[in-house]
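Here are the chains, one letter per residue:
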Amino acid sequence: MTPRHDPAAFLRSLLLVAFAALSAACGRGGDGPAEGPERRTPSGVRLGGTFRWVEVEDMRSLDPTRASGDIVSFHIAQNVYDGLVEYDQDLKMRPALAERWDVSEDGREYTFHLRPGVRFHDDPAFPNGQGREFTAEDVKYSWMRIADKKNNSTGWWALQSLIEGIDDYREGRAPDVSGLQVVDPRTLKVRLTKPFGPFLKRLTMAYTYVLPREAMERYGQDYFQHPVGTGAFRFVSWSPNQEVVLEKNPNYWDVDGDGTRLPYLDRIEVKLITDAKSAFLNFDTGKLDQLEPIPAEFWTNVFDEERNLKERYRKYQVSQVVELSTDYYGFNLQQEPWRSHPELRQAINYAIDRAKIIKFVLKGRNLPAHEWIPPSMPGFQKLDYYRYDPGKARDLLRQAGFPNGAGLAPITLQLNSGGTINDLVAEAIQSALAEIGLKVSLLRLAWPQHLETVENGKASFFRFGWVGDYPDAENFFTLYDSTGFAPSGNNFFRYANPEFQRAYEEGVRQLDEGRALELYKQAQEIIMRDAPAMFLYHSERVHLLQPHVRGFKANAIRFFLAKYWWLESPGTPAPAQAAERREAPRPGPAEAQDEGPATGAGGRAPAG
Amino acid sequence: MPTYILRRVLHAIPILWGVLTVTFILMYIVPGDPARIMLGARADAATVKAIRAELGLDDPLPVQYGRFVARAARGDLGRSYFTNREVMGEILHRVPATAMLGLAAMAIAVTLGITVGVVSAARPYSSLDQTSMLLALVGISIPVFFLGLLLAWIFGYLLGWFPVSGYGEPRDIVLPAIALAAAPLALIARLTRSSMLEVLREDYVRTARAKGLSERSVIFKHGLKNAMNPILTAASQSLAAVMAGAFFVEFIFNWPGIGLLAIDAINKYDFPIIQGTVLFDAAVFVVINILVDVGYAFLDPRVKLA
């Protein structure tokens with residue numbers, strides 16, 4: 001019997017309806033640069049638009065006492081708040097909330113003269129919702145929050161034992177910080193416990209950003225949804241795992257060279273996309289204006305061996321820089337064989353062909369570390385230690401009493417698990433050391449356990465890295481400060497050398513940059529000679545930008561200063577790409593390559 | 001019925017307590033200092049010690065356990081190590097997104113799966129039937145994360161028909177829902193087909209046809225209704241698979257649901273969030289099972305809820 005109603009026909013109809021519905025939902029999306037009536041500054045900068053950048057993690061907190069603890073919060077906080085001083089994209093320090101400052105003869109007292117007329121963002125926390133002018137009291141309040149134990153600030157180390165009375169305040173021995181004196185609403189005096197050359201540089205960190213008491217008292221634990229600052233952008237919203245939205249602060253204090261009030265952009269949308277591959281696809285479909293990191297899986301799709309963009313991606317811009325960071329494998333100098341055999345440590349450094357590892361394992365990214373201080377540090381001094389020399393490595397092994405590794409127990413290299421690249425590098429190092437007779441086994445631990453064992457001095461030979469907080473070598477030398485063994489400090493190596501300590505402590509006391517650099521050079525020579533670590537490489541940051549992006553400049557400290565960025569008209573091609581070639585020569589065979597210093601600060605040519 | 005439901009709820013309590021205990025023990029024995037994780041590598045030892053004291057991490061295990069259970073019973077699952085926000089709040093904030101995605105996926109899976117299964121059963125061994133079942137086999141076999149990537153790549157990136165990721169627009173849910181629906185759709189289609197074929201061979205169906213009832217009435221009123229039990233079972237089991245698969249799909253499409261929250265927490269060793277999401281998922285499974293059992297009774301009067 002032929003059925004009157006055909007189920008197959010019913011299915012076909014259903015599919016057609018579904019397809020029609022899907023088609024209605026289709027369509028190329030993408031925001032692109034915002035359009036509107038064109039406004040430009042006298043120098044031709046186009047005003048307005050929405051900039052979309054991506055972060056591959058969610059934001060942690062916009063409370064300044066914690067905002068430097070993760071890079072995402074740091075990127076966003078820089079645009080919502082201001083500190084007393086700041087860096088521009090070329091890593092030149094400039095006044096911010098402090099117009100000028102005086103430093104006493106002994107280097108211990110700073111008098112900050114604050115910028116008048118700077119207002120906090122409008123917020124219901126203020127009467128009539130209008131942000132008031134910031135004062136010296138706000139600065140003092142903000143800094144005392146760092147010291148207040150109940151805030152559990154991750155930035156306490158930045159002010160600990162540095163400002164007079166701050167330790168007493170933290171421990172409850174004093175109700176106030178004697179070294180922070182509000183002279184009048186526009187003047188703040190800060191008295192240090194000792195002269196400290198990098199003090200102003202520490203004030204560029206997000207921990208010391210200024211916020212109003214009213215907002216913190218009103219919102220309490222919910223402050224993260226209502227951050228209030230004086231920055232170029234005001235906070236609009238945060239959808240966890242989705243986006244953070246900022247809008248232009250129309251009353252921002254900073255102006256450009258033409259006298260045009262910054263920022264140029266109307267809006268920022270920070271897209272929080274956990275999967276880096278998905279972020280890449282979003283960028284390539286025009287949904288993002290900036291992308292970093294470029295996932296390893298796509299690296300060779302995008303770049304050729306000379307780090308030029310391949311045909312398909314040539315429309316984009318590249319902005320890259322050698323970061324202020326150093327990756328290393330540390331030796332625990334309280335354990336044998338490291339404690340008694342400096343030649344062994346030096347031998348290990350000579351046995352590694354860093355250039356080859358970077359070329360084949362890291363696809364040409366990163367720069368071999370022949371100094372502890374990265375070449376992007378202002379005032380970088382090239383020392384050029386530990387060029388690959390297996391012959392020298394074997395000689396040193398013999399001097400250490402372990403010819404071809406004989407008599408040496410197997411070494412365990414500890415690293416954190418979950419990082420494919422770290423594993424590949426470790427395996428390459430393992431092979432390299434095997435060639436001079438050293439047996440190395442790899443121990444992979446979950447990050448919390450790895451961190452704990454390194455900090456507690458249980459790990460003997462371990463993978464770690466250091467990313468600079470501000471562009472001063474002092475920040476990198478803290479890892480060798482013998483008064484700060486981990487976990488109290490950052491000296492994971494348990495390194496103690498009085499000669500280094502003298503040069504380091506004398507260097508950080510200097511207010512004169514030239515004299516400080518001389519002492520820093522001495523300090524670094526000592527570290528390199530003593531080899532408390534196997535110095536591996538300095539990381540590079542490579543940003544991809546849409547053709548219409550202008551003003552963005554990668555910098556060594558990862559500042560995201562969106563007030564300088566702007567967007568050209570939609571469809572405008574990128575500026576000529578010739579300027580985008582790397583200034584730092586590529587690593588090649590170590591003996592033949594004169595790598596030279598990379599540019600000091602700021603790295604590459606800007607996009608636009 | 002109410003007695004049955006109450007009994008099932010009471011039975012659920014030891015199950016949830018078991019899950020609570022297992023997650024507590026696992027988090028307790030996993031290496032790593034929670035205070036250090038919370039504060040980061042730069043925190044000073046004194047601050048770490050203060051946080052440990054504040055969280056009671058140095059208390060004896062039974063004390064920590066008792067405190068944990070007591071708080072969980074009140075709905076307090078602690079605070080995130082990273083954001084310091086309440087775990088329960090974080091989870092509840094993301095429930096709508098996961099529920100939306102799960103419901104969309106199940107709606108696609110159930111409607112299309114039953115439809116395909118019914119049509120295949122009505123035309124057994126036809127080319128339509130064979131094609132449908134082959135596609136169903138592919139749908140069951142293909143890993144959900146791979147399918148998600150494939151859909152994002154083809155329809156999002158290459159063709160640009162849908163966003164690669166996003167949340168908030170109607171188009172944003174299409175690809176993730178299809179990725180998540182594929183396996184349960186395939187399973188339901190195959191099960192519907194086999195269940196219908198069995199039912200359509202029954203004497204009462206032959207009788208219905210002999211009485212001159214329309215084929216539609218035979219298939220839907222007499223056939224499908226009686227074939228629903230195993231289909232309902234498959235659908236409820238699929239719901240479990242959907243919830244598990246949602247983790248991967250949410251990650252690939254950056255869908256801000258509980259799955260993405262959990263993956264983020266796992267990457268960051270944010271233990272309170274991990275515990276909270278595990279407990280929440282366990283509670284959802286229990287509730288779903290109760291609802292399915294109750295659903296049987298409504299669908300099939302022969303089923304008596306003991």
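Residues numbered from 1 in each chain as written. Chains lettered and ligands numbered in written order. Predicted model: local features only at pLDDT ≥ 70, side-chain atom pairs only at ≥ 80, totals over all residues. Heavy atoms only, no water.

Let's talk about the overall build of chain B
Each helix and strand in chain B was counted, giving 12 helices and zero strands. Mapped from its N terminus to its C terminus, chain B presents α and β elements in the order α-α-α-α-α-α-α-α-α-α-α-α. Taken across its 306 residues, chain B has 49% of its residues classed as buried. Summed over all atoms, the accessible surface of chain B reaches about 14,500 Å², with 69% contributed by carbon and sulfur. Each charge sign in chain B was given a centre, from 26 positive and 21 negative side chains, and these centres are 7 Å apart. (Helix = DSSP H or I, 4+ residues; strand = E, 2+ residues; numbered from the N terminus. Buried < 20%, exposed > 50% of the residue type's maximum accessible area, 1.4 Å probe, protein only. Areas by Shrake-Rupley, 256 points an atom, 1.4 Å probe, with all protein chains shown as cover. Lys, Arg positive; Asp, Glu negative; His and termini not counted. Charge placed at Lys NZ, Arg CZ, Asp CG, Glu CD.)

Observations concerning the interface of chain B and chain A
Residue-level contacts link 57 residues of chain B with 56 residues of chain A. Interface area, chain B with chain A, both sides summed: about 5,100 Å², of which 58% is carbon and sulfur. The three residues of chain B that bury the most area against chain A are B:Arg42, B:Arg85 and B:Tyr157, which together make up 15% of that side's buried surface. Where chain B meets chain A, there are zero salt bridges. Linking chain B to chain A there are 10 residue pairs in polar contact (both at pLDDT 80 or more). Mapped by element, the contributors of at least two residues to the side of chain B that touches chain A are helix H2 (34-39), helix H3 (45-55), helix H5 (87-122), helix H7 (144-158), helix H10 (215-253) and helix H11 (258-268) of chain B. With seven residues, H5(B) is the single largest residue contributor to the side of chain B that touches chain A. Across the side of chain B that touches chain A, the residue classes tally to 32 nonpolar, 11 polar and 14 charged. (Contact = heavy atoms within 4.5 Å. Buried area = accessible area lost by both parts, 1.4 Å probe. Salt bridge = Lys/Arg side-chain N within 4 Å of Asp/Glu carboxyl O. Polar contact = N/O pair within 3.5 Å; in protein donor to acceptor, adjacent residues only side chain to side chain. Nonpolar A, V, L, I, M, F, W, Y, C, P; charged D, E, K, R; others polar.)

What about the side chain of A:Gln501?
All names here are of chain A. Tracing the backbone through its elements, the reader meets Gln501 in helix H16 (residues 498-509). A polar atom in the side chain of Gln501 sits 3.0 Å from the backbone nitrogen of Ser482. Gln501 has contacts with Tyr480, Asp481, Ser482 and Thr483, leaving out every residue within four places of it along the chain.

A look at a nonpolar patch on the surface
Residue and element names in this part refer to chain B. Side chains of Phe145, Phe146, Leu149, Leu150, Trp153, Ile154, Leu158, Leu159, Trp161 and Phe248 sit close together on the surface and give an oily, nonpolar patch of about 870 Å² of accessible area. With seven residues, H7 is the largest single contributor of residues to the nonpolar patch. By the element assignment, Leu149 lies in helix H7. You can call Leu149 partly exposed: its relative accessible area is 37%. (Patch = residues over 30% accessible without salt bridge, like charges linked within 9 Å, V, L, I, M, F, W, Y side chains within 5 Å.)

Describing the environment of A:Asn491
Residues and elements named next belong to chain A. Mapped onto the secondary structure, Asn491 falls in the loop between helix H15 (473-477) and H16. Taking relative accessible area as the criterion, Asn491 reaches 0% and is therefore assigned buried. With 294 residues separating them along the chain, Asn491 and Gly197 place their C-alpha atoms 21 Å apart. With sequence-adjacent residues up to four places away left out, Asn491 is seen in contact with Thr478, Leu479, Tyr480, Asp481, Ser482, Gly484, Phe485 and Ala486.

Side note on the side chain of A:His543
Residue and element names in this part refer to chain A. Within the element layout of this structure, His543 appears in strand S19 (residues 540-545). Here the side chain of His543 touches Gln290 through a polar contact of 2.8 Å, side chain to side chain. Among all residues touching His543, those that are not within four sequence positions of it are Gln290, Leu291, Glu292, Gln317, Val318, Ser319, Phe552, Ala554 and Phe560.

Quick look at the environment of B:Arg42
One can find B:Arg42 in the loop between H2 and H3. In this structure, the C-alpha to C-alpha distance between B:Arg42 and B:Arg94, residues 52 residues apart in sequence, is 31 Å. In this structure, B:Arg42 is in contact with A:Trp157, A:Trp466, A:Asp469, A:Asn475 and A:Asn490, ignoring residues within four places of it in sequence.

Thoughts on the pairing of strand S16 (residues 440-445) of chain A
One ladder, built from six bridges, connects strand S15 (residues 411-416) of chain A with S16(A); its direction is parallel. Paired with A:Thr412 across the two strands is A:Ser441, which belongs to S16(A). (Pairing = 2+ DSSP bridges.)

Some words on the pairing of strand S4 (residues 98-103) of chain A
All names here are of chain A. Across five bridges, the pairing between S4 and strand S5 (residues 109-114) is antiparallel. By the bridge assignment for S5, Ala98 is matched with Leu114. Between S4 and S5, which follow one another and run antiparallel, lie five residues, and Gly107 among them has a positive phi close to 75 degrees.

A short note on the confidence of the model for chain A
Residues and elements named next belong to chain A. Model confidence for chain A is summarised by a mean pLDDT of 89, while 89% of its residues fall at 70 or above. Predicted confidence is poor over residues 1-5, with pLDDT under 50, and the contacts of this stretch with residues over four places away or in other chains come to two contacts. Ignoring residues within four places in sequence, the model shows residues 578-608, a span with pLDDT below 50, making 89 contacts including any to other chains. (pLDDT = per-residue confidence, 0-100.)

Section: the packing of aromatic side chains
Between two aromatic rings, the relevant description is the distance of the centres plus the angle of the planes. Residue and element names in this part refer to chain A. Here the structure, examined in full by the defined rule, presents 52 aromatic pairs over all chains. Where Phe280 meets Tyr313, the ring centres are 6.0 Å apart and the plane angle is 55 degrees; that geometry is what we call tilted. Residue Phe280 is found in helix H8 (residues 276-284), and its partner Tyr313 is found in the loop between helix H9 (296-302) and strand S12 (317-322); the two are separated by 33 residues along the sequence. Each member of the pair, Phe280 together with Tyr313, is buried. (Phe/Tyr/Trp six-rings, centres within 6.5 Å; stacked < 30°, edge-to-face > 60°.)

A word on the sheet that holds strand S6 (residues 180-184) of chain A
Residues and elements named next belong to chain A. With respect to topology, four strands assemble into an open sheet ordered S4-S5-S7-S6, the strand pairing being antiparallel. In this open sheet, the two edge strands, each paired with only one partner strand, are S4 and S6. Adjacent strand axes in the sheet meet at a mean angle of 20 degrees when their direction is disregarded. Across four bridges, the pairing between S6 and strand S7 (residues 187-191) is antiparallel. (Axes fitted to C-alpha atoms, helices over the stretch in contact; angles between N-to-C directions.)

What to know about helix H10 (residues 342-350) of chain A
Residues and elements named next belong to chain A. Burial analysis of H10 places seven of its nine residues in the buried class, which makes it a mostly covered element. Among the residues of H10, those classed as buried are Leu344, Arg345, Gln346, Ala347, Ile348, Asn349 and Tyr350. In this fold, the buried residues of H10 make contact with strand S13 (325-331), helix H11 (354-360), helix H12 (390-400), helix H13 (420-434), helix H17 (513-530) and strand S18 (533-538).

With respect to the pattern of salt bridges
For the coordinates displayed, the defined rule picks out 56 salt bridges over all chains. Notably, a salt bridge pairs A:Arg541 with A:Glu323, separated by 2.5 Å at the nearest N-O pair. Residue A:Arg541 is located in strand S19, and its partner A:Glu323 is located in the loop between S12 and S13; the two are separated by 218 residues in the primary sequence. A relative accessible area of 2% places A:Glu323 in the buried class. Residues B:Asp264 and B:Lys268 are paired through a salt bridge, measuring 3.1 Å at the closest nitrogen-oxygen approach. With B:Asp264 and B:Lys268 both in helix H11, this residue pair falls four residues apart, about one helical turn. Of the two residues, B:Asp264 and B:Lys268, neither departs from the other in class, the shared state being buried.

Notes on the packing of H5(B) against helix H6 (residues 127-141) of chain B
Residue and element names in this part refer to chain B. Their axes nearest at 8 Å, the elements H5 and H6 cross at an angle of 140 degrees. Comparing the axis directions of H5 and H6 gives the class oblique. Like other packed secondary-structure pairs, H5 and H6 cross with a definite hand, here left-handed. Judged by residue contacts, Val116, Val119 and Ser120 of H5 engage Leu128, Asp129, Ser132 and Met133 from H6. A breakdown of the residues in the contact of H5 with H6 according to their chemical character gives four nonpolar, two polar and one charged. (Parallel < 35°, antiparallel > 145°, perpendicular 65-115°, else oblique. Left-handed = near helix turned anticlockwise from the far one by under 90°.)

Quick word on the sheet that holds S15(A)
All names here are of chain A. Read from one edge to the other, the open sheet built from six strands follows the order S14-S18-S13-S17-S15-S16, with strand pairing classed as mixed. The two strands at the open ends of the sheet, each matched to only one other strand, are strand S14 (367-368) and S16. Running over the sheet, H10 touches S13 and S18 and is turned about 25 degrees from S18. H13 rests against S13, S15, S16, strand S17 (461-467) and S18 of the sheet, and its axis sits at about 165 degrees to S16.

Quick word on the nonpolar core
Membership of the largest hydrophobic core comes to 167 residues, with the highest contact counts inside it found for A:Ile76, A:Phe112, A:Trp143, A:Val190, A:Phe199, A:Trp372 and A:Phe477. When neighbours within four sequence positions are excluded, A:Val190 is seen to be in contact with A:Arg108, A:Glu109, A:Tyr110, A:Phe112, A:Trp143, A:Ile163, A:Gly179, A:Leu180 and A:Phe199. If you look at the next biggest cluster of nonpolar residues, it comprises 41 residues, including B:Ala97, B:Val118, B:Val205 and B:Ala246. (Core = buried A, V, L, I, M, F, W, Y, C linked by side-chain atoms within 4.5 Å.)

Describing H7(B)
Residue and element names in this part refer to chain B. Compared with an ideal rise of 1.5 Å per residue, which puts 15 residues at 21 Å, H7 spans 20 Å between its outermost C-alpha atoms and is within 8% of the ideal. When we look at burial in H7, the residues that qualify are Val144, Leu147, Gly148, Leu151, Ala152, Gly156 and Tyr157. Following H7 by one or two positions, Gly160 adopts a phi angle in the positive range, close to 70 degrees. (Expected span 1.5 Å × (residues − 1).)

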